Amino acid sequence: MNFLHTLSTVLFIVSIHPFTRAKPDTYIIHMDPSAMPKAFSSHHSWYFSMLSSISDTSEAASASSTVTSKHLYTYTHSINGFSATLTLSELESLKKSFGYLSFTRDRPLTVHTTHTSQFLGLNSVSGAWTAPNYGEDVIIGIVDSGIWPESESYSDEGMAQVPTRWKGKCESGTNFNSSFCNKKLIGARFYNKGLLSSHPKLTIPMNSPRDINGHGTHTSSIAAGNSAKGASYFGYASGTANGMAPRAHIAMYKVVWRYGTYTSDVLAAIDQAIQDGVDILSLSLGLSVDNNVLDDDPIAVATFAAMEKGIFIAASAGNDGPLYWSLVNGAPWMLTVAAGSIDREFDGILTLGNGVQITFESLYPGNFSRNQMPLIVMDECASLEELRQVRNNIIVCKDHLSISDQVENAESAMVSAAVFISNYSYLSELHTRSSFPAAFIGLDDGQTVIDYIKQNSDPRGRFQFRKTSIGTKPAPKVDAYSSRGPFLSCPNVLKPDILAPGSLVLASWSPVSEVTKVGSHPLFSKFNLLSGTSMAAPHAAGVAALVKKAHPDWSPAAIRSAIMTTANPFDNNLSPIKDVSNFNQPASPLDIGAGHINPIKALDPGLVYDATPEDYMKLLCAMNYTSKKIRMFTKLSHDCMNRSLDLNYPTFIAFFNDDGLSTSADKFEQEFQRTVTNVGKEGMAYTAKVTGMDGIKVVVEPPKLVFKQKYEKQSYKLRLEGPKLLKKDVIFGALSWRDDAGKYMVTSPIMATTITSQ
């Protein structure tokens, strides 16, 4: 079905100049396109006519030039509408236009910012990279800060021809022309009209798809970078860097600029990506937590249109953890990706004069291998004058001030080296990437250093750096910065969906973007180590490309289900994945979703939980969205005769909300219904098994599912029964459907919680 011919909602993005001529604000205006007069051949011409009719003629010499200067974008494939800069009076005139529905504010967005392929089990001998699946012919669209085309990650060696269905192109611009594209990088476009509308006097030095930030080069090479030999970060993480789908094609849509990122530009990029023919969209950006309301999020609306057209969307969960309700990009038609660590550590070694060695996390890039230096305790390291007097020693700072303040003081005093003793259970990457030789150690190791200094008249130490350890345990862990669920705008769907590598990921980088400093000297590199859910989302996008290649007819929901139900909730110690921010206690599904992504198993999941656009419409109806708001997503008239908060999703979440009057005798019960599709062979039988859920009874009916045919569907019910007053705020477990032959285990997390957004 071609949804372009069945639209019933148009959405405008309008930048408004108040009478005071203050910096323009951006708004999204929803219109009913059926109101378009028959005299117009297209919505684009209708928009221009409307702009002309409402324009303040005093602002321009002619109506034609006024409209041209006001108009930014016309959207036809995602949200449908146009962008324009208007005065406040013009906006008021627009509100009076026939067909006007509503408007919402358009806001700035933020980005959420080697060995990971091996850690995920991807190799050419066994697993998901076995012939013929390296993601060939799949097109991944990246909406980010552009691309550095000369990077080895974008070599088209071994690449198949560009798919004939591809309609995109490479746009020329500053230091970028179409010849930079090849069979790997098949598209590159850039969007900044919204940025320039908000900053009319701004001059953009790199007005092209070229990436001088590094973020887009990093994320795109994670998703689908070709093999890049000799990759490292100043000797750390050395080896060959591979994307998750090394034979998939990349299309870059540059929307992230040094001066800001605007929703109107992001919408234009998504709109074009749909038209160009991408199969996967990777989004490592989003609105702030406070503004992330589903019906007021243009990205959620635009990705609904992408989903309708069969495009899979992987989006970062955000970097506002570890608090509950901090997650963004939680629309149920997206795969929302949390970030975790991998089994690799980067270390330095402090060797004391008595031979005792203390290992610590470090990314210091310098060649600091001097002979032993005196160790001097300076307590809180608060006095710059005192620090300057001993700056040629290794100073030892205790955690009385914040780590950041101590590091800043040491840098200002230009100390040669330092040891920072802290009781923090985790450290910021900014600390481990210090501009001078520094060890960040815990209280136990710190006491060892203090005792050694006290017991010796001439205490000394020596640093070594650039140590990389592989196979460290336990891994993965969910990192503190990774945003947690539930998703405020749609709590009935458990989010995040999945955990993927996001911490200190090595990938390609723009060589003109500074990565660190030694002293006051900036350093540059072709590769960089970054952390964030920005890094996790393209891992999931690349894995989705592998699944798409193996099953080209699967819907986005089926691909998402395959990734989620085969995820691993255990680390490489075969213990539950730990939460760094919660004293290494087991992480819950609100932290990691279904678990750590497993590309090999995702290719053959056995069963999938599918969902159609109609299923999402039922959910929106059950969330009491008005018909106008639902049309924002579906672009179709919808009567909401069928409503259900129980989306056919491969997870379960129940809120045991206490009204303050409940007693220990009060009971709570909630029932879910799910339908699974057999994507394995015919004649399969699965038996249900529930684990966890302490104090809550879980009933599955029927407890056994028998499939006679491939693609046959079977339904079941899952019921939770328990006291309304839970023992803990969060209780979780899992439902696993295991086939009788022992090949498949299709697992879904179950969550019961009393936490609220208040």
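Everything below is about the structure shown above.
Residues numbered from 1 in each chain as written. Predicted model: local features only at pLDDT ≥ 70, side-chain atom pairs only at ≥ 80, totals over all residues. Heavy atoms only, no water.

(A) The arrangement of the state of the cysteines in detail. With the rule as written, the count across this model stands at three disulfides. There is a disulfide in this structure between C381 and C397, and the S-S distance comes to 1.9 Å. The disulfide joining C381 to C397 has a torsion of about -95° about its S-S bond and is therefore left-handed. One end of the pair, C381, is in the loop between strand 18 (373–377) and helix 9 (384–389); the other, C397, is in strand 19 (residues 394–398), with 16 residues separating them in the sequence. (Disulfide = S-S within 2.5 Å. Helix = DSSP H or I, 4+ residues; strand = E, 2+ residues; numbered from the N terminus.)

(B) Looking closely at the sheet that holds strand 35 (residues 697–701). Reading across from one edge, 31-33-37-35 is the order of the four strands in this open sheet, with antiparallel pairing throughout. Edge positions in the sheet fall to strand 31 (607–608) and strand 35, since each of these pairs with one other strand and no more. Summarising the sheet, strand 35 and strand 37 (residues 713–723) pair through five bridges and their orientation is antiparallel. Its bridge partner being in strand 37, E701 is matched across the sheet by K717. (Pairing = 2+ DSSP bridges.)

(C) Expanded view of the layout of surface pockets. When its volume is computed, the second largest pocket comes out at roughly 1200 Å³. Every residue lining the second largest pocket is counted, 49 residues in all, and those nearest its centre are P569, F570, A594, G733 and A734. For the lining of the second largest pocket, the secondary-structure elements that each account for two or more residues are strand 30 (585–586), helix 15 (589–592), helix 16 (599–602), strand 34 (684–692), strand 38 (730–739) and strand 39 (745–753). In terms of residues, the lining of the second largest pocket owes the most to one element, strand 38, which gives eight residues. The residue inventory of the lining of the second largest pocket, partitioned by class, reads 22 nonpolar, 16 polar and 11 charged. Mapping the lining of the second largest pocket onto the domain boundaries places at least three of its residues in each of domain 2 (140–339 + 484–550) and domain 4 (603–753). (1 Å grid on protein atoms, 1.4 Å probe; cavity = no way out; pocket = protein on both sides within 12 Å on 5 of 7 lines; lining within 4 Å. Points joined across faces, edges and corners; volume = space filled by probe spheres on them. Nonpolar A, V, L, I, M, F, W, Y, C, P; charged D, E, K, R; others polar. Domains from an automatic or database assignment.)

(D) Structural detail: the environment of I274. Locating I274 in the fold gives a position in helix 7 (residues 263–276). Here I274 falls in the buried class, since its relative accessible area comes to 8%. Note: C-alpha distance between I274 and T303 (29 residues apart in sequence) is 9.4 Å. Setting aside chain neighbours within four positions, we find I274 in contact with H77, S78, A302, A305, A306, K309 and I311. (Buried < 20%, exposed > 50% of the residue type's maximum accessible area, 1.4 Å probe, protein only. Contact = heavy atoms within 4.5 Å.)

(E) Examining the packing of aromatic side chains more closely. Applying the stated rule across the entire model yields 25 aromatic pairs. Ring geometry for W325 and F655: centres 6.3 Å apart, planes at 20°, overall stacked. Of this pair, W325 sits in the loop between strand 14 (312–316) and strand 15 (335–340) while F655 sits in strand 32 (residues 652–655); the two residues are 330 residues apart in sequence, bridging distant segments of the chain. By the burial criterion, W325 is buried, and F655 matches it. (Phe/Tyr/Trp six-rings, centres within 6.5 Å; stacked < 30°, edge-to-face > 60°.)

(F) Region of the structure containing the pattern of salt bridges. Enumeration according to the criterion identifies 21 salt bridges in this entry. The closest approach of N and O atoms between K549 and D137, which form a salt bridge, is 3.7 Å. Of this pair, K549 sits in helix 13 (residues 533–550) while D137 sits in the loop between helix 4 (116–119) and strand 7 (139–144), and the two are 412 residues apart along the sequence. The exposure class assigned to K549 is partly exposed, which follows from its relative accessible area of 28%. Linked through salt bridges whose partners overlap, the residues forming this network are E669, E671, E701, K717, R719 and E721. (Salt bridge = Lys/Arg side-chain N within 4 Å of Asp/Glu carboxyl O.)

(G) Region of the structure containing the sheet that holds strand 39. Spatially, five strands are ordered 32-39-38-34-36 in an open sheet, and the strand pairing comes out mixed. This sheet does not close on itself; its edge strands, each paired only once, are strand 32 and strand 36 (704–707). With direction set aside, neighbouring strand axes in the sheet form an average angle of 20°. In this sheet, strand 38 lies alongside strand 34 in antiparallel orientation, the contact comprising seven bridges. Its bridge partner lying in strand 38, A688 is registered against W737. (Axes fitted to C-alpha atoms, helices over the stretch in contact; angles between N-to-C directions.)

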